[in-house]
Amino acid sequence: MVAQRTCPVGLMAFALLCVVAQDTCDLTSKETPCGCGALKRKAKDKDSLTPLEKTVTTLEEIMNGGESNKAVPQPRDAFVESEYPRTNDMVLIKGGEFTMGTDKPVFVADGEGPSRKVKLQEFYLDIHEVSNAEFEIFCNETKHKTEAESYGDSFVFDPLLSEETRKTLTQAVAAAPWWVPVKGADWRHPEGPDSNLKGRMDHPVVHVSWNDAVAYCKWAGKRLPTEAEWEYACRSGLENRLYPWGNNLNPRGEHWMNIWQGKFPEEDTEEDGYKSTAPVTTFPANAFGLKNMVGNVWEWTSDWWSIKHPSYLQENPVGPEAGEDKVKKGGSYMCHKSYCFRYRCAARSQNTPDSAAGNLGFRCASNELPSKSKNTNILKDEL
Ligand SMILES: *[C@@H]1O[C@H](CO)[C@@H](O)[C@H](O)[C@H]1NC(C)=O
Ligand SMILES: [Ca+2]
Ligand SMILES: [Ca+2]
């Protein structure tokens, strides 16, 4: 049953091969290089290891102690956190029909295809990923304890760790050794106990599980979007395009999303301006007025994971009735074409509902605009 929640060990070799020979990886392979989906807790195990630790192999086994020594990222913005404007506004997404998925899948094993017609009724969607500032209001008000806080650890991208924290590591994820479980990593301490949110209150909250995301959205009078709603919103009226704005990775020669530039995982040249997360307000909005649908952080959706899809026209689909994993969409700041070309509207990945990581967040949807009493702003006239 190990293969259920962790990547097959054979994929580790594949993943490492990708690191060594970036440009030669076969992206159309049916074997998914599973750096994006490998981060799962094994919630049912009971012994001294935390569920997260059970999913990993020792760092020594994988890397022979050869991990890189990268600096901790410095906050870019020094302005006062209390002055951050709320970023909880929503936009009305008009109903319609669209083509979901793709007939040109990059990762066949992810169930990106086939393309199929989906019809949706109108809904509201958060313009931004949920920020640390928004999540703090929720936690202060409800005393919500995230699952990463309960378990006492979460997955962090190794190059973001301080030397002190790195010294405490003994393990990494076999299929993606740049991911390490860090004790004390949670949404308030994204890179472990010696990190904080200073200068990052307007960045997306991370280290939140699907269950945490559901609790937040409920508190806000909202819900998670379905995968179909999320993808429809990502595509914002364009049919069969890779990105929310079309097929051009860098429209007008600019970066319109926060992903990885350079060689993964050795060097992020930060050409888009951001190592790790960017403020949720960064980059141009898509045609529906939504920001960072692709890149920055992965976003939870309400659907259970399946790679088989009905080919007939579906109306307001909500995904399978049950499952092991939940669907996440959009890719993250860690995605690079060489191993995780998942910053596309059709791309998808999955995690167990109690999993959390430093590149996974969410935004909420709702059928009606929630009242102000639920801490939700009325939709702004000017987008
Ligand atoms: C939440 O609580 C913390 C700790 O008491 C406090 O520093 C912070 O200002 C509070 N934030 C909000 C938005 O109320
Ligand atoms: Ca970046
Ligand atoms: Ca995103």
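Here the structure is a predicted model, which means the values were calculated and not measured.

> Would you take a moment to explain the coordination of the calcium ion (ligand 2) for this structure?
In a perfect tetrahedron of four donors around a metal, the angles come out at 109.5 degrees. In a perfect octahedron of six, they are 90 or 180 degrees. Bound to the calcium ion (ligand 2) on the protein side are N258 (OD1), I259 (O), D272 (OD), D272 (OD) and Y274 (O), at distances that span 2.3 to 2.5 Å. Going along the chain, you hit the donors of the calcium ion (ligand 2) in the pattern N-I-x12-D-x1-Y. With I259 in the loop between α8 (227–235) and β9 (298–304) and Y274 in the loop between α8 and β9, this residue pair connects regions lying 15 residues apart in the sequence. For I259, a relative accessible area of 5% corresponds to the buried category.

> Just checking my understanding: could you explain the pairing of strand β5 (residues 123–126) for this structure?
The side chains of a regular strand alternate, residue by residue, between the two faces of the sheet. Burial along β5 is two-sided: F123 and L125 facing one way and Y124 and D126 facing the other are all buried. In this structure, β5 lies alongside strand β14 (residues 365–366), joined through 2 bridges in antiparallel fashion. Opposite L125, over in β14, you have A365 as the bridge partner.

> Help me understand the state of the cysteines, please; the structure alone is not making it clear to me.
Disulfide: a covalent bond connecting the sulfur atoms of a pair of cysteines. In the structure shown here, the tally under the stated rule is 2 disulfides. Disulfide pairing places C217 opposite C364 at an S-S distance of 2.2 Å. One disulfide, between C217 and C364, carries an S-S torsion of -85° and so falls in the left-handed class. Here C217 is found in helix α7 (residues 210–219), whereas its partner C364 is found in the loop between β13 (360–361) and β14, with 147 residues between them in sequence. No difference in accessibility class separates C217 from C364, as the two residues are buried. Here C234 pairs with C345 through a disulfide, and the sulfurs are 2.2 Å apart. What sets the handedness of the C234 and C345 disulfide is the S-S torsion sign, and at about -75° it is left-handed. You can see C234 sitting in helix α8 and its partner C345 sitting in the loop between β11 (326–329) and β12 (349–351), a full 111 residues away along the chain. Of the two residues, C234 and C345, both sit in the buried class.

> In this structure, what is going on with the pattern of salt bridges? I would like to understand it.
Two side chains of opposite charge can pair, provided their charged atoms sit close to one another. Summed over all chains, the structure comprises 16 salt bridges. One salt bridge in this structure joins D110 and R342, with 2.7 Å as the shortest N-O distance. With D110 in the loop between β3 (96–100) and β4 (116–120) and R342 in the loop between β11 and β12, this pair connects stretches of sequence that are 232 residues apart. Like D110, the residue R342 is buried in the burial classification. Put simply, E191 and R200 hold a salt bridge, and the shortest N to O gap is 2.9 Å. In this structure, a network of salt bridges that share partners links the residues E227, E231, R235, K329 and R348.

> Could you clarify how one ought to interpret the environment of C217 in this entry?
By relative accessible area, which is 1% here, C217 ends up buried. Residues C217 and R363 lie 146 residues apart in sequence; the distance between their C-alpha atoms is 8.1 Å.

> What is the right way to read the site of ligand 1 from this model?
In the vicinity of ligand 1, the contacting residues are E136, I137 and N140. Here a nitrogen atom of ligand 1 sits 2.8 Å away from a polar atom, N or O, in the side chain of E136. Here N140 contributes a side-chain N or O atom positioned 2.3 Å from an oxygen atom of ligand 1.

> Mind showing me how you'd approach the packing of helix α4 (residues 132–142) against α7 here?
Each pair of packed helices gets described by two things: the angle between the helix axes and the distance between those axes. Running from N to C, α4 and α7 cross one another at 85°; their axes reach a closest spacing of 11 Å. Comparing the axis directions of α4 and α7 gives the class roughly perpendicular. Between α4 and α7, the contacting residues are E134, F135, I137, F138, E141 and T142 on the first element and A215, Y216 and W219 on the second. When its residues are assigned to classes, the contact of α4 with α7 shows 6 nonpolar, 1 polar and 2 charged.

> Help me out: how do you make sense of the nonpolar core in this one?
It is characteristic of soluble globular proteins that their nonpolar side chains tend to be buried jointly. Counting residues in hydrophobic clusters, the biggest one holds 65 residues, and the most contacted among them are F135, W179, Y216 and F362. V156, L161, V182 and A185 belong to the second-largest nonpolar core, a separate cluster that totals 7 residues.

> Can you walk me through α4 in this structure?
Every α-helix winds through 3.6 residues per turn, so residues three or four apart in the chain are directed the same way. Taken together, the buried positions of α4 are occupied by N132, A133, E134, F135, F138 and C139. Lining the buried residues of α4 we find α7. Positive backbone phi, approximately 60°, marks K143, located one or two places after α4.

> Looking at this structure, I do not really get the packing of aromatic side chains. What am I missing?
The way to describe two aromatic rings as a pair is by their centre distance and the angle between their planes. Evaluation of the coordinates by the stated rule reveals 22 aromatic pairs. Ring geometry for W178 against Y339: centres 5.4 Å apart, planes inclined by 90°, an arrangement best described as edge-to-face. Taken together, the residues span a long stretch of sequence, with W178 in the loop between β7 (171–172) and β8 (179–183) and Y339 in the loop between β11 and β12 at a distance of 161 residues. For the pair W178 and Y339, one class covers both residues: buried. Its end group placed over the ring of W304, K326 keeps NZ or CZ at 3.7 Å from the ring centre.

What counts, and where the lines are drawn
- Residues numbered from 1 in each chain as written.
- Chains lettered and ligands numbered in written order.
- Predicted model: local features only at pLDDT ≥ 70, side-chain atom pairs only at ≥ 80, totals over all residues.
- Heavy atoms only, no water.
- Donors = N, O, S within 2.8 Å, 3.2 Å for Na, K, Ca; no water.
- Helix = DSSP H or I, 4+ residues; strand = E, 2+ residues; numbered from the N terminus.
- Buried < 20%, exposed > 50% of the residue type's maximum accessible area, 1.4 Å probe, protein only.
- Pairing = 2+ DSSP bridges.
- Disulfide = S-S within 2.5 Å.
- Salt bridge = Lys/Arg side-chain N within 4 Å of Asp/Glu carboxyl O.
- Near = heavy atom within 4 Å.
- Polar contact = N/O pair within 3.5 Å; in protein donor to acceptor, adjacent residues only side chain to side chain.
- Axes fitted to C-alpha atoms, helices over the stretch in contact; angles between N-to-C directions.
- Parallel < 35°, antiparallel > 145°, perpendicular 65-115°, else oblique.
- Contact = heavy atoms within 4.5 Å.
- Nonpolar A, V, L, I, M, F, W, Y, C, P; charged D, E, K, R; others polar.
- Core = buried A, V, L, I, M, F, W, Y, C linked by side-chain atoms within 4.5 Å.
- Phe/Tyr/Trp six-rings, centres within 6.5 Å; stacked < 30°, edge-to-face > 60°.
- Lys NZ or Arg CZ within 6 Å of the ring centre and 35° of its normal.

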